[in-house]
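Secondary and tertiary structure notes
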Amino acid sequence: MIYAGPIHAGPIETWATILTVAATAVAGDVLTAGAMRRIGDIDLIRTKSGLSGAVRAVTSSPMFLLGVLSMAASFFSLLFTLSNVDLSLAAPASASLTFLGNAFAAKIFLKENVNRRRWMAALLVCAGVFLLSK
Amino acid sequence: MKHTLTPQRYLILLAVMLTAAVGDTLLSHGMGQVGPVSLANLGLLLAALRNPWVITGILCLLGFFASYLTALSWADLTFVLPSTAFGYVVVAFLAKYWQHETITLYRWAGILLIVCGVGFVANGPSLTLHESQHPMEEPAPVSEGASTGGSQ
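Residues numbered from 1 in each chain as written. Chains lettered and ligands numbered in written order. Predicted model: local features only at pLDDT ≥ 70, side-chain atom pairs only at ≥ 80, totals over all residues.

Examining the overall build of chain B
- The helix and strand inventory of chain B stands at 5 helices and 0 strands.
- Overall, chain B shows an N-to-C arrangement of helices and strands of α-α-α-α-α.
- For chain B, buried positions account for 35% of its 152 residues.
- Contacts in chain B between residues at least 24 apart in sequence constitute 72% of all its contacts with a sequence separation of at least 6. (Helix = DSSP H or I, 4+ residues; strand = E, 2+ residues; numbered from the N terminus. Buried ≥ 20, exposed ≤ 12 C-beta atoms within 10 Å, placed from the backbone. Contact = placed C-beta atoms within 7 Å.)

Re the overall build of chain A
- A count of helices and strands for chain A gives 5 helices and 0 strands.
- Its helices and strands in sequence order give chain A the pattern α-α-α-α-α, from N to C terminus.
- A principal-axis box enclosing the C-alpha atoms of chain A has dimensions of 50 × 35 × 25 Å.
- Counting across all 134 residues of chain A, residues that qualify as buried make up 46%.
- Of the contacts made within chain A by residues no fewer than 6 positions apart, 79% connect residues no fewer than 24 positions apart.

Comments concerning the interface of chain A and chain B
- Each partner contributes residues to the interface: chain A has 44 residues there, and chain B has 40 residues.
- Counting only elements with at least two residues in the side of chain A that touches chain B, the list comes to helix H1 (11-39), helix H2 (42-59), helix H3 (62-84), helix H4 (87-108) and helix H5 (116-132) of chain A.
- If one sorts the elements of the side of chain A that touches chain B by residue count, H5(A) sits on top with 11 residues.
- In the side of chain A that touches chain B, the residues fall into 30 nonpolar, 6 polar and 8 charged. (Nonpolar A, V, L, I, M, F, W, Y, C, P; charged D, E, K, R; others polar.)

Focus on the environment of Gly87(B)
Residue and element names in this part refer to chain B.
- Inspection of the secondary structure puts Gly87 in helix H4 (residues 77-97).
- Linking Gly87 and Ser28, residues 59 residues apart in sequence, is a C-alpha distance of 15 Å.
- Contacts of Gly87, omitting those with residues within four sequence positions, involve Met17, Leu18, Ala20 and Ala21.

Observations concerning the packing of H1(A) against H4(A)
All names here are of chain A.
- Two numbers describe how H1 lies on H4: the axes approach to 8 Å, and their chain directions differ by 40 degrees. Between H1 and H4, the angle is such that the two are oblique. Crossing of H1 over H4 shows right-handed handedness. Between H1 and H4, the residues in contact are Ile18, Val21, Ala22, Ala25, Val26, Asp29 and Val30 and Ala90, Ala93, Ser94, Leu97, Thr98, Gly101, Asn102, Ala105 and Ala106, respectively.
- A class-by-class count of the residues in the contact of H1 with H4 yields 11 nonpolar, 4 polar and 1 charged. (Axes fitted to C-alpha atoms, helices over the stretch in contact; angles between N-to-C directions. Parallel < 35°, antiparallel > 145°, perpendicular 65-115°, else oblique. Left-handed = near helix turned anticlockwise from the far one by under 90°.)

Section: the environment of Leu69(B)
- As for its placement among the helices and strands, Leu69(B) is situated in helix H3 (residues 52-74).
- Sequence separation between Leu69(B) and Gly32(B) is 37 residues, and the spatial gap between their C-alpha atoms is 29 Å.
- For Leu69(B), the residues in contact, after removing those within four places along its chain, are Thr32(A), Met36(A), Ile42(A) and Val58(A).

Some thoughts on the environment of Ala93(A)
- Here Ala93(A) lies in helix H4.
- Sequence spacing of Ala93(A) and Cys126(A) is 33 residues, and the spatial spacing of their C-alpha atoms is 8.7 Å.

Thoughts on the confidence of the model for chain A
- When the pLDDT values of chain A are averaged, the result is 86; 93% of them are 70 or greater.
- Across chain A, the secondary-structure element scoring lowest on mean pLDDT is H4(A), at 85, and the one scoring highest is H1(A), at 92. (pLDDT = per-residue confidence, 0-100.)

What to know about the confidence of the model for chain B
Residues and elements named next belong to chain B.
- Overall, the prediction assigns chain B a mean pLDDT of 76, with 80% of residues at 70 or greater.
- Below pLDDT 50 for its whole length, residues 134-152 participates in 11 contacts with residues either more than four positions away or in separate chains.
- Scoring of the predicted complex yields 0.73 for pTM and 0.79 for ipTM.

Observations concerning H3(A)
- When the terminal C-alpha atoms of H3(A) are compared, their 33 Å separation across 23 residues agrees well with the 33 Å that a helix rising 1.5 Å per residue should span.
- Among the residues of H3(A), those classed as buried are Phe64(A), Gly67(A), Ser70(A), Ser74(A), Ser77(A), Leu78(A), Phe80(A), Thr81(A), Leu82(A) and Ser83(A).
- Against H1, H2 and H4 of chain A together with helix H1 (7-34) of chain B lie the buried residues of H3(A). (Expected span 1.5 Å × (residues − 1).)

Points about the packing of H1(A) against H3(B)
- The geometry of H1(A) relative to H3(B) is characterised by a closest axis approach of 8 Å and an angle of 60 degrees between their N-to-C directions. Between H1(A) and H3(B), the crossing angle belongs to the class labelled oblique. As for the relative orientation of H1(A) and H3(B), their crossing is right-handed in sense. Across the interface between the two elements, Thr32(A), Ala33(A), Met36(A) and Ile39(A) from H1(A) touch Leu69(B), Leu72(B) and Ser73(B) from H3(B).
- Partitioning the contact of H1(A) with H3(B) into residue classes produces 5 nonpolar, 2 polar and no charged.

Pasting the structure below:
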């Protein structure tokens, strides 16, 4: 790589940008998941009204559009973070926080049955993602 | 609560894993070429959209998004997300066997944890059914008057 590395940010800026990436990612995931749950099985919609019908069903949902907006915010804040914080910290830290945040948010907002099995999965994945950066 | 996925649905989950991993790798490579972006230099983010690696990465991530949304329409968020994490494992293996990078013991431990995490949810049900909801797995015969009042 030709890239010389990021300009190092202070700890507050570092964690603020990482938290922003994670929070917007969680908002995006929960909103799109909620929208998809309301819309229903895409495979069924596609069989009934074709691909364009499925695309229309998804893109006409305001909840979905809000989710995409959050995901876009998360994407650009990740790009911003990557230029200020080391990739080896920013990527796994924001990904791990997103996994944990999603488990909480899915339980609270989507009323998903986050049982012990899924909590374990979220924690294992969260720890695993962090270790990958070592 | 039986929710076994059909082979086709497992293929969608596989696409979720692979496209996310490859897309992120391409983006990371592209942004490495673009260089550091700062608050004073946000225009560089738009310039990044002209980098071929970033463009290919975004195309891959679009494929990821389509398969991810499809998966979310028939499975829980907490079921689908660990499979996206499996993409990290794919990247690590690509790095080792294709790019011949060395993988540290920490990374192997991380890979093991993610595999366990994915195994944990993969064995459980894929969708939470609420009492007010009718199962979306089997296409129930829909007749106009026969709605159970399930959907809001």
